[in-house]
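Per-entry structural report
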Amino acid sequence: HIYYFLEGDHTGTTMLRSAALCLALATTASVLPRSRAFSSTARGGPPSWSDLEARLPSALVPGPAVYGVGEGPEAADLKGKTVLYRDSNGWCPHSEQAWLALEVKGIDYVTVLIDGDDNGCYDEPGTTLPRLEWADGTVHVGSADMVALLEKAEEVRPGSPDFFPDISVSVDIVRMSIQRRFGGQMPRFTKPSGTAPFVYRADKAAKEGEIVQEFKYQVSLEEIEETLEEYEDGPFIAGEDVTAADIFWLPFLERFAAHLPILYGGLRPRSQAFEAIQDFYDATDAIPCYACRVKGRGETWRRVLRARHPDLETIDDEVAGPPVDLPAERSYKPDSIWSRYANGRSHLAPSPAAEAAARIVRDRDVIAEAAAAACATLSGGEVDSALRELCGILSSTGDAEAVAEAAKKLSGDAREVAAFLDGG
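Since we're looking at a predicted model, the values are computed, not measured.

**Digging into the confidence of the model for the protein**
Confidence along the protein averages 85 in pLDDT terms, with 85% of residues attaining 70 or more. Element-level pLDDT for the protein is lowest in helix H1 (residues 19-29), with a mean of 42, against a maximum mean of 97 in helix H5 (residues 146-156). Here residues 1-42 scores under 50 on pLDDT; set against residues more than four positions off or in separate chains, the count is 126 contacts. This stretch, residues 119-126, has a pLDDT under 50; its non-local contacts, to residues over four places away or in other chains, come to 19 contacts.

Written out as structure tokens, the structure is:
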């Protein structure tokens, strides 16, 4: 199952991941030397940047405004607009909740990225995240304000999907799932962390660095499974449609799918052992703005967990198995999901492959500088040529299998730069 995945900036870069290209690179790396035997120059050279811009007109269309760390927008630029302040790394699960709510509701917004540590909620004055300033002047700050933030999103853009539907006359299942069930079903007495949520124990009997016992996660997953089985008409917490409860839970379950197999071996939330949870994952991956924009890749979550918590004992991926990012069923059509997301967004290319190329074309100066620093054996000109070669393949091929086949003929320079792009 080959697919493309637009990562939600969760590595702190603006680069895209192309799983098909990575697959081709991985399968050829063991049999092909890292030479320039497949030099694009020998085949007439890669397309120029102007040629690529002509192929990819979306690369020249500005997207929604995103202000990086230290770029401080002028007050006049934000007046009358909804502004989301979130962490620059994309590690904060609470920021992801706010981000996903805006995307699911289709609310226009400006993003301001804030630098910070890996704590899930930054506690320094003025840096508590997320911070959402609505166009009417209403402000919501931090995880404690999340229910009010989700209610405001429903007020601003009422209707489908209804974040707070009337499921029962006696029980408000959505609010109960956020305010009571979430805290009751997640492992309790743990340290807050954006990169290792619900991993480290914080109870009085815990030793420094001790992680939650496996049986507690087993119990948590069984209880979450029961919650998702309550409504037979759909895979979400309150039935067939996504609600505020799903928005609230999803960033944490996203991380669980990547983390638990390397922490506890046989514990895999996204498996037949937990059918309702797996159905939930599959259903959320059919939400275009989540799968194509907000969601972080499982490999990234594992890499960040290990890098930020080097004392944590984890199981090798070869033993634990690779993280499962998207459904494996043939009925899942990633290109169709992307088309739905890109529809009406002139700053997006019509296919995932073309979008990967467009993002490189749009940000080529920054990407080239970073690639040149990382690929020490390549000159600036060789990095530039390699990037154009990658974009040429991605922008001229229609499907993932064709990209994978074309990637086998990449030059050594292009493969080295592609490996850097994939590693962030």
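Don't stop here, the text continues.
**A look at helix H13 (residues 334-342)**
Of all the positions in H13, only Pro334, Ile337, Trp338, Tyr341 and Ala342 are classed as buried. Around the axis of H13, the buried residues are gathered within 130° of arc, so they sit on the same side.

**A short note on the packing of helix H8 (residues 244-264) against helix H9 (residues 275-284)**
Between H8 and H9, whose axes approach to 11 Å, the crossing angle comes to 110°. By the angle class used here, H8 and H9 are roughly perpendicular. Packed against H8, whose contacting residues are Asp246, Leu250, Leu253, Glu254, Phe256 and Ala257, the element H9 presents Phe280, Tyr281 and Thr284 at the interface. The residue makeup of the contact of H8 with H9, split by class, is six nonpolar, one polar and two charged.

**Focus: the pattern of salt bridges**
Enumeration over the complete set of coordinates arrives at 21 salt bridges. With a shortest N-O distance of 2.7 Å, Arg201 and Asp203 are connected by a salt bridge. On the accessibility criterion, Arg201 (11% relative accessible area) is buried. Linking Asp285 and Lys295 is a salt bridge whose minimum nitrogen-to-oxygen distance equals 2.8 Å. Here Lys295 lies in the loop between helix H10 (288-294) and helix H11 (298-308) and Asp285 lies in the loop between H9 and H10, a separation of ten residues in the sequence. Side by side, Asp285 and Lys295 carry an identical accessibility label, which is buried. Connected through salt bridges with shared partners, the residues Arg270, Asp282, Asp285 and Lys295 form a single ionic network.

**Comments concerning the packing of aromatic side chains**
Scanning the entire structure with this criterion turns up eleven aromatic pairs. The rings of Phe182, Phe198, Tyr217, Phe248, Trp249, Phe252, Phe256 and Tyr264 are connected pair by pair, giving a single aromatic cluster. For Lys105, the ring lying beneath its charged end belongs to Phe163, and the centroid distance is 4.9 Å. The ring of Trp301 has Arg255 sitting right over it, with the charged end atom 4.0 Å from the ring centre.

**Comments concerning the pairing of strand E3 (residues 110-114)**
With four of five residues buried, E3 lies mostly within the body of the structure. Across two bridges, strand E1 (residues 66-67) lies against E3 in parallel orientation. Residue Tyr67 lies in a different strand from E3, and its bridge partner there is Val112. Inspection of the sheet shows strand E2 (residues 83-87) paired to E3 by five bridges, in the parallel sense. What sits directly across from Arg86, in E3, is Leu113. In this view, the connection linking E2 to its parallel neighbour E3 by way of helix H4 (residues 93-105) has right-handed handedness.

**Things to note about the pairing of E2**
By the criterion of burial, E2 is predominantly enclosed, with five of the five residues buried. Relative to strand E4 (residues 131-133), E2 runs antiparallel, the two sharing three bridges. Bridging from a neighbouring strand, Leu84 pairs with Leu132 of E4.

Rules of the game
- Residues numbered from 1 in each chain as written.
- Predicted model: local features only at pLDDT ≥ 70, side-chain atom pairs only at ≥ 80, totals over all residues.
- Heavy atoms only, no water.
- pLDDT = per-residue confidence, 0-100.
- Helix = DSSP H or I, 4+ residues; strand = E, 2+ residues; numbered from the N terminus.
- Contact = heavy atoms within 4.5 Å.
- Buried < 20%, exposed > 50% of the residue type's maximum accessible area, 1.4 Å probe, protein only.
- Arc of directions from axis to C-beta.
- Axes fitted to C-alpha atoms, helices over the stretch in contact; angles between N-to-C directions.
- Parallel < 35°, antiparallel > 145°, perpendicular 65-115°, else oblique.
- Nonpolar A, V, L, I, M, F, W, Y, C, P; charged D, E, K, R; others polar.
- Salt bridge = Lys/Arg side-chain N within 4 Å of Asp/Glu carboxyl O.
- Phe/Tyr/Trp six-rings, centres within 6.5 Å; stacked < 30°, edge-to-face > 60°.
- Lys NZ or Arg CZ within 6 Å of the ring centre and 35° of its normal.
- Pairing = 2+ DSSP bridges.
- Right-handed = clockwise from strand over helix to strand, strands pointing away.

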